[in-house]
Structures are given as C-alpha cells and as structure tokens.
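An overview of the molecular structure
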Amino acid sequence: MELSPLQIARYEYQPKLPEILKNEIYAIKAVEGEVTASVSDQEQIKHLFPNTYGMREVTFERGENHAEDRRLVVGVILSGGQAPGGHNVITGLYDALKKTRKDNVLLGFKKGPSGLLDDDFIEFEDDYIDSFRNTGGFDIIGSGRTKLESEEQFAQAKKVAEKHDLDALVIIGGDDSNTNAAVLAEYFKAHGSKVQVIGCPKTIDGDLKNDVIEISFGFDTATKTYSELIGNIERDANSAKKYWHFVRVMGRSASHIALECALETQPNICFISEEVEEKKMSLSDIADQVVKSVVKRSERGDNFGVVIIPEGLIEFVPEVKKLIGELNDTMALKEKEFNAITDWQDKYSFMEKNLSKESFKVFSILPVDIEKQLLMDRDPHGNVQVSRIETEKLLISIVESKLDSLKKEGKYNGKFSALSHFFGYEGRCAFPSNFDADYCYSLGYNAFMLISYGYTGYLSTITNLSKPATEWKAGGMPITKMMNLEQRHGKQKPVIRKALVELYGKPFRYFAERRDLWAVETAFKYPGAIQYYGPESVCDITTRTLALEQE
Ligand code: FBP
C-alpha cells in the first residue's frame, strides 16, 4: 500500500498520556470512590444487573500497585459507527499490555461483536499495530453493529472466550455497544466466568457522556472536519452571494455535532433538535425561522446564507416523533408481515391500517421520498436510521413554498436558490486530531489498568480534558451508572441513556445569545483544517463545547 506523507509522519507521533499513566505500572494504585446508582429506574436496573450494579467509581493515583501479577489474554472489539481515534485505543491497550509483560496477548475480534460469536480474530503483533498508529478508520479489525442480546449469543461468547482463555474483553463503542458491554459483563459474572468486560466511550455523536465521561472520542475530529467544510461553504457563499446552503450533519438524536459546528462557524441558522422538542415546534415553525432570516437578509441585498440541521431533527418534531414511535413499534411487532410486503402502495396501505389516525395524517402529507426513508430498515438496536432521511431537502421544499406565497402577497422580492449537503461519513475516519490521538491512546492504556485491577462492567475514563494532557486524570466508572429503561423493539429494555444537548448548559446558551444577530448579519467564522503540527494553541485546541462546559 502506498502511504501519504502525512500517514508516514503520523506513525512517528507519540500520543500524550496523563501524568499518572506515565508512571511505571507498579507505581499506580486504584482508589475507590463513591458507590454508584443508575441514572433512573434504580430498582429495575439493580434487579437486572445483580452482580454489577452499585459498584464504586475508581481513580488511579500514584502509589503501590497491589494488582495480581498475571499473564493476560485480552480481546478487543470495535463496535458501531467509525470514529477517529479507534486505532489509538487499540495501540494504547497493546502498548500497556506489552510494557507490563512481553507474553501478554491482545486479540482483535473482526467486524464488531459478530467477530466474537464467529471466533473470527487476529492476534496483534508489533508490525501490524505500528501500521495503524495515529490513523483514522476502524480498518485495523473492522466494525459492526450486531447486538448481543439472546441467551444463545451470550453462551457462544462465553464459549469463544473460554477457548482463548480470555481474561478480559474491551468493547470500544457508543451507548448501544456499551449497553452490550454491561450486559455481557453481568452475564460472565453470573455464570462464573473470569472474563472481565471494559468499555471505551466512542461516538462522533458526543451523546455518550455524563459527569465522568466528559466527551466520547471522535467528536473532536469529526466536528473539526465538518466545521472546516462548513466554513469553506460559508466563504464560498459569501464570495458568490447567490446560494443558501442547507447542511445536515450527523449526530443521530443528539444535536451536539450541529451545536459545535455552529459555535465554530457562526452560520445564519442552526437548529437544535432538543429545543425543537422543548418548544414543540412543528415543521412549519421550523421553516418559518428560515424564511424570516431569508427575507431579512434579502432586504439587505444578501440572497445567500448557511443553515445547519442536525440529522435527528425530524425525530424531535412532536408529531413526527409520535409517528416514528408508532412506526418502530408496528415494524417490530408485525415484522414478518411488514417485511413480506414489497410493493410501495401496499406498504402505504399497511401503515394506514396500523397507525393511529393522527400519525397517519402526518405520514401522508410528507413527500413520498421521506415516507420511504422513514420505512427503511431499523438498525439492530431498533433505531430509525436518521442518516438516511434527507431532512435538509424536506426543509428546502417547505421554505420554497412559503417564500412563493410571500412573493404572491408582495411581501418578499428576493431570490432563493438552495443547495443541500450532508456531512457525516466524511468525518468519521479522518486522521484523529492530536486531542483524539492522545485521548484514545490514554483510554486504551487506562483500560489495561482497569483490567489488571480486576474490574468488570466499567468504562475507561479520562477526565479534566479541557486542560493539557499532562493534567488529565484516569479512572473507571461502572456502566450501570448510565443506564435506564427505554422502549426498544416494542419492549422495555435496560440501555445507556443518551446525553442530549442541555438547553440550560453553557454551549447552548452561548449560541442562543448570539443567533439572532447571526440570522441577519454575515458573521461567518472560518476554522480551517485540523492542524497536526505547529503551535499548541492551534494543534491541541479542544472543542468549543468542552471549553464552554468546563469554563
Ligand atoms: P455510533 O453511535 O455507533 O457511534 O454511530 C454514529 C453514527 O455515525 C451516527 O451519527 C449516524 O446516524 C450513524 O452512525 C450512521 O450509521 P451507519 O454507519 O450504520 O450508516
């Protein structure tokens, strides 16, 4: 394979570790803190996780290491959507294992959790590991979205783990994948297996967080990549002065990515799904907000602009949310019947029969393309695949028709020419920023610490992240702390609660205080490309979201 000059240079980059993890491993001790409780539904979660509920938080400090000196065989899985930095979690884990004992072994199960069930694996060695250091992507072993939920799957996982004499399994994933990790940890413990399960918080969406998980990895690089592209579009718009650009960005239900990109680029409009839900905004209300800005800007002679749309927006419009809930339940409960229908008209009639009158009305007024996108396969966790719903196009068409009406009434006289974009996959495999390279390497290295101390059902945590890496702290948090019960596939299931944008939080407030000005004036900001070499003030800069949260 031919390598790019940047790839060659990045192999040499030495990720920064928190000061505590730079110590020899024999000089790091685990200190236990408070007993934890789940974020809600405590009694039910305790009942479902009798062996792994209520464990204590852990921090690593300088001191004598009392962990048993044993040879370790560890397995690792990359799970769910790609996020920049995943390779470094594995290199950090590998380096810690090999630094402690040369005969420690790291196995990588391929293509996500299914690799564990199929016993499809590789054993990592120096040369192979070195060729993935500080690079983007998950191609080191691949990823997948298989959900571990049936008794047979758990038994199979145990069988494969026992075959390899695994001491621990590290699952690198988002909320759904770490729910898998918690369930597996409980299963292994309940069945007398020695296998420990440790999770690492991954997802570009930034929705896997709480007081201890300050940010999931990948968010930093992905948002910097999208912000660069949006900034470039803004500059193009401001140069040509003839297009309105509607940019949908990934992020699933949460609007953290959209908000971060807005803070970085100061577009004319950015919607935050959580606010749309709170204010019970209809699709028409959302379009009105754009129309208002288009009209005002056109009065200034500015027939151009930029709108950022979080990909999950449509799910938060109350009437569409209800519709999606009913669609999910119908498609889960009548799965066979629905899957057997191939003709679009028959699918449409099936929905007419099964949805409530109210929801079917909402469904029926959507453009056919959006109706079809709403009926596409759910992901293995029962979620609508919002990345495939072209909300930006839907919004453009509603705005166009509203502007036409205003024109007829003589209330608007400008030009409206709209272009749509979707930025998602472009950012998920970028070369990790220095922040993600350092953070991920530390998460992997720290996962080893948790394993060596015998913990299971924990997430690897690195905190104090808005400070330089030397001041970062390392520890662990029981995964059950993040869990609650939610409706999935028509049933109540224990899952990690998604962290959505907090409307009283500093990042949103900062945006809300400035957006009226941005809607009318051209206040665009051009962040430019991620820098890997140069002054720390440019290369190691954290996200605006994290900086504001930790101000
Ligand atoms: P994870 O939650 O697994 O990290 O994935 C995030 C994400 O990139 C979302 O932003 C997006 O909606 C989804 O994955 C797309 O999924 P897929 O890769 O299956 O198309």
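Anyway, here's the lowdown on the structure attached to this text. All figures in this text were calculated on a predicted structure; none of them were measured in a lab.

Check the secondary structure of the chain and you find 24 helices and 15 strands. Computed over the C-alpha atoms, the radius of gyration of the chain is 24 Å, within 12% of the 24 Å expected from 2.2 N^0.38 for a compact globule of 551 residues. Principal axes of the C-alpha set define a box for the chain whose edges measure 80 × 60 × 50 Å. For the chain, with 551 residues in total, the buried portion stands at 60%.

Taken together, 14 residues are adjacent to the ligand, and Gly81, Asp205, Glu311, Tyr425 and Arg428 come closest. For the ligand, an oxygen atom lies 2.8 Å from a polar atom in the backbone of glycine 81. One nitrogen or oxygen atom from the main chain of glycine 251 is found 3.3 Å from an oxygen atom belonging to the ligand. When isolated, the ligand has an accessible area of 480 Å², and the protein chains bury 87% of it. The residue inventory of the shell around the ligand, partitioned by class, reads 3 nonpolar, 5 polar and 6 charged.

For the rest of this paragraph, the subject is the packing of aromatic side chains. The full count for this structure, using the stated rule, is 21 aromatic pairs. Relative to phenylalanine 188, the ring of tyrosine 187 has its centre 6.4 Å away and its plane inclined at 65 degrees; by these criteria the two rings are edge-to-face. On the basis of relative accessible area, tyrosine 187 is assigned to the buried category, the value being 10%. With a centroid separation of 6.3 Å and 35 degrees between ring planes, the pair formed by tyrosine 441 and tyrosine 445 is classed as tilted. Taken together, the residues span about one helical turn, with tyrosine 441 and tyrosine 445 both in helix α21 (residues 434–452) at a distance of 4 residues. Each residue in the set Trp344, Tyr348, Phe360 and Phe363 is aromatic and connected to the rest through ring pairs, giving one cluster. Sitting over the face of the ring of tyrosine 13, arginine 10 holds its NZ or CZ atom 4.3 Å from the ring centroid. When the ring centre of tyrosine 510 is taken as reference, the NZ or CZ atom of arginine 544 above it lies at 5.3 Å.

Membership of the largest hydrophobic core comes to 84 residues, with the highest contact counts inside it found for Ile90, Leu93, Phe124 and Val170. Considering each element in turn, this core owes the most residues, 11 residues, to α21. Non-local contacts of phenylalanine 124, meaning those with residues more than four positions away in its chain, are made with Val76, Ile90, Tyr94, Leu106, Leu107, Gly108, Ile129, Ile140 and Ile141. Judged by nonpolar contacts, the second largest core, of 48 residues, contains Ile269, Leu283, Ile324 and Ile341.

Right, let's talk about the environment of threonine 59 for a bit. Considering the arrangement of structural elements, one finds threonine 59 in strand β2 (residues 56–62). A sequence separation of 26 residues divides threonine 59 from glycine 33, and the C-alpha atoms of the two residues are 7.6 Å apart.

Here helix α8 (residues 175–190) spans 22 Å end to end across 16 residues, near enough to the 22 Å set by a 1.5 Å rise per residue. α8 sits mainly inside the fold: 13 of its 16 residues count as buried. Once α8 ends, the next one or two residues include glycine 192, with phi positive near 70 degrees.

What follows concerns the state of the cysteines. Tallied over the full model, the rule gives 0 disulfides. The closest cysteine sulfur to the non-disulfide-bonded cysteine 200 is located on cysteine 440, 8.6 Å from its own sulfur.

Turning our attention to the sheet that holds strand β8 (residues 244–249). If you trace the 4 strands from one edge of the open sheet to the other, you get β9-β10-β8-β11, paired in parallel fashion. The open sheet has two edge strands with one neighbour each: β9 (269–270) and β11 (418–423). Of the strand pairs in this sheet, β8 and strand β10 (residues 305–310) are connected by 6 bridges, and their pairing is parallel. Residue arginine 248 lies in a different strand from β10, and its bridge partner there is isoleucine 309. The strands touched by helix α9 (residues 219–240) are β8, β10 and β11; relative to β11, the strand with the most contacts, the crossing angle is about 165 degrees.

Let us look at the environment of threonine 223. Along the chain, threonine 223 turns up in helix α9. For threonine 223, a relative accessible area of 1% translates into the label buried. Along the sequence, threonine 223 and isoleucine 28 sit 195 residues apart, while their C-alpha atoms lie 34 Å from each other. Apart from the residues within four sequence positions on either side, threonine 223 is in contact with Ile257, Glu260, Cys261 and Thr543. Within the structure, the side chain of threonine 223 is placed 2.7 Å from the backbone oxygen of phenylalanine 219, a separation counted as a polar contact.

Attention now goes to the side chain of lysine 481. Mapped onto the fold, lysine 481 is located in the loop between β13 (473–478) and β14 (483–488). For lysine 481, a relative accessible area of 15% corresponds to the buried category. Beyond its immediate stretch of four places on either side in the chain, lysine 481 contacts Thr36, Ala37, Ser38, Val39, Glu57, Asn210, Asp211 and Val212.

All right, on to the packing of helix α10 (residues 256–265) against helix α22 (residues 506–520) then. Where α10 meets α22, the closest approach of the two axes is 10 Å, and the angle between their N-to-C directions is 55 degrees. Here α22 runs oblique to α10, going by the angle between their axes. Considering the relative orientation of α10 and α22, their crossing is left-handed. Between α10, through Leu259, Ala262 and Leu263, and α22, the contact on the second element is made entirely by Pro507, Phe508, Tyr510, Phe511 and Trp518. Classifying every residue of the contact of α10 with α22 by side-chain character gives 8 nonpolar, no polar and no charged.

Turning our attention to unusual backbone geometry. The residue lysine 241 is not glycine, and still its phi comes out positive at about 55 degrees. Among the secondary structure elements, lysine 241 is positioned in the loop between α9 and β8.

Here we take up α10. Burial of α10 is extensive: 10 of the 10 residues sit out of reach of the surface. Three or more residues of α10 are buried, namely His256, Ile257, Ala258, Leu259, Glu260, Cys261, Ala262, Leu263, Glu264 and Thr265. Tucked into the core, α10 has its buried residues touching α9, β8, β9, β10, α22 and α24 (544–549). Looking one or two places after α10, you find glutamine 266, whose phi comes out positive at around 50 degrees.

Thresholds, definitions, all that
- All residue numbers here refer to positions counted from 1 along the written sequence of the relevant chain.
- Reporting of local features is limited, given that this is a predicted model, to residues whose pLDDT is at least 70; pairs of side-chain atoms are given and counted only at 80 or more, and all residues count toward the totals for whole chains, interfaces and linings.
- Only hydrogens and water are set aside when side-chain values are computed; all heavy atoms of the structure are taken into account.
- Each helix is a run of H or I in the DSSP string that is no shorter than four residues. Each strand is a run of E no shorter than two, and both are numbered from the N terminus.
- Just to be clear, the radius of gyration here is over C-alpha atoms, and the globule rule we use is 2.2 Å times residues to the power 0.38.
- To sort residues, take the accessible area from a 1.4 Å probe on protein chains only and compare it with the maximum for the residue type: under 20% means buried, over 50% means exposed, and anything in between is partly exposed.
- A single heavy atom is enough: if one lies within 4 Å of a molecule or strand, its residue is considered near that molecule or strand.
- We call two N or O atoms a polar contact when they sit within 3.5 Å, provided that within protein one can donate a hydrogen and the other can accept it, with sequence-adjacent residues counted only if both atoms are side-chain atoms.
- Methods summary: accessible areas were calculated by the Shrake-Rupley approach with a probe of 1.4 Å, and residue burial reflects only the protein chains presented.
- For this classification, the nonpolar set comprises Ala, Val, Leu, Ile, Met, Phe, Trp, Tyr, Cys and Pro, the charged set comprises Asp, Glu, Lys and Arg, and every other residue, Gly included, is treated as polar.
- Pairing of aromatic rings covers Phe, Tyr and Trp, the last through its six-membered ring, and needs centres within 6.5 Å; plane angles under 30 degrees mean stacked, over 60 mean edge-to-face, and all others mean tilted.
- Each ring is checked for a lysine NZ or an arginine CZ that lies within 6 Å of its centre and within 35 degrees of its normal; such an atom marks a charge sitting over the ring.
- Think of a nonpolar core as a cluster: buried Ala, Val, Leu, Ile, Met, Phe, Trp, Tyr and Cys residues, connected wherever their side-chain atoms sit within 4.5 Å.
- For this analysis, residues touch if any pair of their heavy atoms sits within 4.5 Å.
- By this rule, a helix spans an expected 1.5 Å times one less than how many residues it contains.
- Cysteine sulfur pairs qualify as disulfides if the two atoms are within 2.5 Å.
- By this definition, two strands are paired if DSSP reports at least two bridges between them.
- Fitted lines through C-alpha atoms serve as axes, helices being fitted only where they are in contact, and the angles separating the N-to-C directions of these axes extend from 0 to 180 degrees.
- To sort the angles, those under 35 degrees are grouped as roughly parallel, those over 145 as roughly antiparallel, those from 65 to 115 as roughly perpendicular, and the leftovers as oblique.
- For any helix crossing, the convention is left-handed if the near helix is rotated counterclockwise from the far helix by under a right angle, and right-handed if that rotation is clockwise.

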